[in-house]
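Understanding the architecture of this molecule
So you can see what is in the structure, the chains are spelled out below.
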Amino acid sequence: MEKIINITLKIWRQKGPKAKGNFETFKLDGISGDTSFLEMLDILNEKLVNEGKEPVAFDNDCREGICGMCSLYINGHPHGPDNLITTCQLHMRHFNDGDTVTVEPWRSAAFPVIRDLMVDRYAFDKIIQAGGYVSVNTGGVPDANAIPISKKIADEAMDAASCIGCGACVAACKNGSAMLFVSAKVSQLALLPQGKIEAKERAEAMVAKMDELGFGNCTNTRACEQECPKGVSISNIARLNREFLKAKLAN
Amino acid sequence: MDTKLDAKIPAGALAEKWTNYKDRQKLVNPANKRRLDIIVIGTGLAGASAAASLGELGFNVLNFCIQDSPRRAHSIAAQGGINAAKNYQNDGDSVYRLFYDTIKGGDYRAREANVYRLAEVSVNIIDQCVAQGVPFAREYGGLLDNRSFGGAQVSRTFYAKGQTGQQLLLGAYSALSRQISKGTVKMYNRHEMLDIVLIKDENGTPRARGIIARNLVTGEIERFAAHAVVIATGGYGNAYFLSTNAMNSNGSAAVQIYKKGALFANPAYAQIHPTCIPVHGEFQSKLTLMSESLRNDGRIWVPKKKEDAEAIRAGKLTPAGIKEENRDYYLERRYPAFGNLVPRDVASRAAKERCDAGFGVSPSGLAVYLDFSEAINRLGEKTVEARYGNLFQMYEKITDQNPYKTPMMIYPAIHYTMGGIWVDYELMTTIPGCFAIGEANFSDHGANRLGASALMQGLADGYFVLPYTIQNYLSDQIRVPRFSTDLPEFAETEKAIKEKINELMNVKGKRSVDSIHKELGHIMWEYVGMGRTKQSLETALEKLKAIKKEFWSNVFIPGEAAALNIELEKALRVADFIEIGRLMALDGLNRNESCGGHFREEYQTPEGEALRDDDNYSYASCWEYKGEDADPELVREDLTYEFTHRAQRNYKS
């Protein structure tokens, strides 16, 4: 039967990037287990607005786990306690009556807080701009079936391409490394013949940009893989390292 | 009054029109391209592909999105696939057949020339995406795989698992990122357009010359000038509050240009998608779509006997407890030729009909089954998982039920809007220099869009149509110097925006924006929803008048305007959704016929199918703004069918 719970929320509030933040505590009663986590925050915000207060700011958009806009560090886990989902797909049935739920923004030097639970992930765009593409213009390309690609390779590329750019990997990493994000894009394109041509330069440029933007190093703790809502594998990081090494050797 | 609308359709046979156009259009030479600025609003499939392609050509592009990154645009959520007339399956597909299916699927309410061009360039889109590294699904031999979608008898849909929209958008986003790094595109994340700026030329014609935007992080109001403005902001389905659209999807840019002279065409044509996860409660914030591709293998049914349906609703019976002979596979029964793959409007109405008749299967009675047991028996669980695994997982996460073991429950929900800003063949609105592309325009889907055709249209417009047609306009503008944002036209537009924001902030009423938006949604679903009548639409107009008053006298927005303020963002959008709701109701009331996504209950065949009235309504109804308190004026674009024979849509045989 439908589960109804009462919870206590400890939510990070911070007015702006430079402001000092603190936790604020709220009580919410009568939450249905079928409510999504973000709908629970909607209920809280509706309550705050009705009391004349400013709502908690958090990023969200598609609410079906694909746009990558939602974030939230819930009880010490990016995207909360359930596996292979984003915060917007997390449902309150995963919590129990009387629970205290702690909600924080992504914490990383490269993702400054904008307000409350919202962070600035522009650094990810910059990494893609550094080389996360195949250099083709619109038009004048060969027929789509001109280059056969084995199903195995296509599927592997698709798995790497599943990354939604949410930043959970960075938030989960004790070093604040973006290696899973970078390696997913590098792998997708390095696996496919279309992207292979620029593979070395791409790996080099994206890694250099990542370092420049203040992301940390990878020390193989695998927390990123654990917390990735799309199950992107750290075998991609091994592939990135190979591409990177090849580039360095070629130089 | 009809003379106002010239669609500028090129002469010649259908298959030659686009070639003729390209051969004769004016171009802009490379040195001049650098001197011309183009604003593109939106970074979905249409916006991102247009911004990237225009940047590649050498134009100076300013691209805006409301999200924190251009990669978040809602095109990303499209699941099932993208159509293209490649005929890789050797199953009889052709450009003409894709054109014909789209015209027929649109219930003969789309413009032939545009649809043919769409079908023609569809093949280039797949080539382009593959070249960018989009990992489409492949066969073991290494060639591209296809599947079927509604309203077609061929397999022409290309897909990347259940994440086709994501992969296509990331392809466009990568092309866009490349141009950003080259400096041809300047990207403005977290910026929302609040109005368009028009400046009169030497002949007194107002032209689109810039926008006023709000920086969503700082709350600052900013000015941007350009030689042309492209609107690629998607549809207005969130007027219903609950829809499959993203939370921030909105119709505000469309309303802004409508109020400045662009025509809003066919607002009543809203697509209701048959396979969404049903509503669970009052605090539901959005509806999740289950891809149409599921209808390739899933079978839709309700119990044959009313007492079985009642027992299921009461929790006394499970679907497994109903024997095969007591199940009503109503789509297969009613439409033997297309079965579960009838177009969306037909499938949605059929579900509503069964539920209204008392055969619904969820506690609320508003759900039907989508059953995979037959497919799992035939193909094995592994194959079904490979095809639909991520969708099944998504369903289970939301509903806590395992679709491998028990049928999914689904119900129709608002998904897409075929109506939108009127554009001519060149995708230009009635404001010179203002273009509309993708879902934001009205041009290609008539009264109903076929599955996997939204992605096709977005990318067709952005990669292969607009980059040509916009040059025909800009070729006249090469001597026009860059505009200063200090011009009085910018100051006046900005002043009006600031006054509007002040007015909203100072209402200081008692109701949250969301509570009013939800009420608006109820009105829209109840009276302008799947089945409309003259009476329901008149009721809607009354209620919309009341809700507009309520909004402007009782909304409460906390915080400040000159800072990040999500409630203010939502309020500005809801104000426009109320306007759109009114346009939808007015348009629905004017159109005394049923066609595609517009179903007037008074106009149906004895079998309950949509009954068109081609003698009186074979036109696009375009609405011209006449002031805040006046009714808009109807302007017609007559639709002529030179190359297809109009008939009642038949998916039975």
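Residues numbered from 1 in each chain as written. Chains lettered and ligands numbered in written order. Predicted model: local features only at pLDDT ≥ 70, side-chain atom pairs only at ≥ 80, totals over all residues. Heavy atoms only, no water.

Within chain B one finds 18 helices and 19 strands. Here the C-alpha atoms of chain B give a radius of gyration of 24 Å, agreeing with the 26 Å that 2.2 N^0.38 yields for 653 residues. For chain B, the spread of C-alpha atoms along the three principal axes comes to 75 × 60 × 50 Å. Counting the 653 residues in chain B, one finds 67% classified as buried. Long-range pairs, those at least 24 residues apart, make up 75% of the contacts in chain B with a sequence separation of at least 6. As displayed, chain B has an accessible area near 21,800 Å², and 49% of this comes from carbon and sulfur atoms. Distance between charge centres in chain B, computed from 80 positive and 81 negative side chains, equals 3 Å. (Helix = DSSP H or I, 4+ residues; strand = E, 2+ residues; numbered from the N terminus. Rg over C-alpha atoms; globule rule 2.2 N^0.38 Å. Buried < 20%, exposed > 50% of the residue type's maximum accessible area, 1.4 Å probe, protein only. Contact = heavy atoms within 4.5 Å. Areas by Shrake-Rupley, 256 points an atom, 1.4 Å probe, with all protein chains shown as cover. Lys, Arg positive; Asp, Glu negative; His and termini not counted. Charge placed at Lys NZ, Arg CZ, Asp CG, Glu CD.)

Here we take up the layout of surface pockets. When its volume is computed, the second largest pocket comes out at roughly 1,200 Å³. Counting residues per element, the lining of the second largest pocket draws most heavily on helix α12 (residues 381-399) of chain B, at ten residues. (1 Å grid on protein atoms, 1.4 Å probe; cavity = no way out; pocket = protein on both sides within 12 Å on 5 of 7 lines; lining within 4 Å. Points joined across faces, edges and corners; volume = space filled by probe spheres on them.)

A word on the domain arrangement of chain B. Residues and elements named next belong to chain B. Each assigned domain of chain B is listed here: domain 1 (272-414) and domain 2 (500-610). Distance between the C-alpha centres of domain 1 and domain 2: 29 Å. Buried surface at the junction of domain 1 and domain 2, both sides included, amounts to about 910 Å², of which 59% is carbon and sulfur. The largest per-residue losses of area from domain 1 upon contact with domain 2 belong to Ile 272, Arg 349 and Lys 352, which jointly make up 51% of the total buried on that side. Counting across the domain 1 and domain 2 interface gives one salt bridge. Residues Arg 334 and Glu 609 are paired through a salt bridge, measuring 3.3 Å at the closest nitrogen-oxygen approach. Our count for the domain 1 to domain 2 interface comes out at four residue pairs in polar contact (both at pLDDT 80 or more). (Domains from an automatic or database assignment. Buried area = accessible area lost by both parts, 1.4 Å probe. Salt bridge = Lys/Arg side-chain N within 4 Å of Asp/Glu carboxyl O. Polar contact = N/O pair within 3.5 Å; in protein donor to acceptor, adjacent residues only side chain to side chain.)

To describe two helices that pack against each other, one gives the angle between their axes and the distance between the axes. All names here are of chain A. At a closest axis distance of 8 Å, the pairing of helix α3 (residues 151-161) and helix α5 (residues 179-191) adopts a crossing angle of 160 degrees. One finds that α3 runs roughly antiparallel with respect to α5. Helix-helix and strand crossings are classified by hand; for α3 and α5 the assignment is left-handed. Where α3 approaches α5, its residues Ile 153, Glu 156, Ala 157, Ala 160 and Ala 161 are matched on the opposing element by Ala 184, Ser 187, Gln 188 and Leu 191. In terms of residue class, the contact of α3 with α5 is built from six nonpolar, two polar and one charged. (Axes fitted to C-alpha atoms, helices over the stretch in contact; angles between N-to-C directions. Parallel < 35°, antiparallel > 145°, perpendicular 65-115°, else oblique. Left-handed = near helix turned anticlockwise from the far one by under 90°. Nonpolar A, V, L, I, M, F, W, Y, C, P; charged D, E, K, R; others polar.)

Note on strand geometry: in a regular strand, side chains alternate between the two faces of the sheet. Residue and element names in this part refer to chain B. Relative to strand β8 (residues 221-225), strand β7 (residues 206-215) runs antiparallel, the two being bridged by five bridges. Looking across to β8, one finds that Ile 211 is bridged to Phe 224. Where β7 folds back on β8, the antiparallel hairpin that results is connected by five residues, among which Gly 219 adopts a positive phi of roughly 80 degrees. (Pairing = 2+ DSSP bridges.)

Core analysis: the largest hydrophobic core is formed by 243 residues, its most contacted members being Phe 215 of chain A together with Ile 82, Phe 136 and Ile 231 of chain B. Ranked by residue count, the leading element in this core is helix α17 (residues 566-590) of chain B, at twelve residues. Once you skip the residues sitting within four places of it in the chain, Ile 231 of chain B turns out to touch Ile 41, Met 193, Ala 253, Ile 257, Cys 434, Phe 435, Ala 436, Ile 437 and Ala 440 of chain B. Membership of the second largest hydrophobic core comes to 28 residues, among which are Phe 37, Leu 44, Leu 72 and Met 92 of chain A. (Core = buried A, V, L, I, M, F, W, Y, C linked by side-chain atoms within 4.5 Å.)

What follows is about the packing of aromatic side chains. The full count for this structure, using the stated rule, is 34 aromatic pairs over all chains. Residues Phe 64 of chain B and Phe 224 of chain B carry aromatic rings whose centres are separated by 4.8 Å and whose planes lie at 75 degrees to one another, so their mutual orientation is edge-to-face. Of the two residues, Phe 64 of chain B is situated in strand β2 (residues 60-64) and Phe 224 of chain B in strand β8; the sequence distance between them amounts to 160 residues. Centroid distance Tyr 108 of chain B to Tyr 641 of chain B: 6.1 Å. Interplanar angle 75 degrees. Geometry classified as edge-to-face. Separated by 533 residues along the polypeptide, Tyr 108 of chain B in the loop between α4 (95-105) and α5 (112-132) and Tyr 641 of chain B in the segment after β19 (633-638) bring together distant segments of the chain. Pair check on accessibility: Tyr 108 of chain B and Tyr 641 of chain B agree, each one buried. Put simply, the rings of Phe 111, Phe 124, Phe 181 and Phe 215 of chain A touch in pairs and so form one group of aromatic residues. One residue, Lys 22 of chain B, lies across the ring of Tyr 468 of chain B, its end atom 5.4 Å from the ring centre. (Phe/Tyr/Trp six-rings, centres within 6.5 Å; stacked < 30°, edge-to-face > 60°. Lys NZ or Arg CZ within 6 Å of the ring centre and 35° of its normal.)

Residues and elements named next belong to chain A. Domain boundaries assigned for chain A yield domain 1 (4-114) and domain 2 (121-250). Computed from C-alpha coordinates alone, the two centres of domain 1 and domain 2 are separated by 29 Å. Contacts between domain 1 and domain 2 engage 22 residues on the former and 20 residues on the latter. Summing the contributions of domain 1 and of domain 2, the shared interface buries around 1,500 Å²; its carbon and sulfur component is 57%. Along the contact surface separating domain 1 from domain 2 lie one salt bridge. For Arg 121, the salt bridge identified is with Asp 59, shortest N-O distance 3.8 Å. Among the residues making up the side of domain 1 that touches domain 2, the classes are represented as twelve nonpolar, eight polar and two charged.

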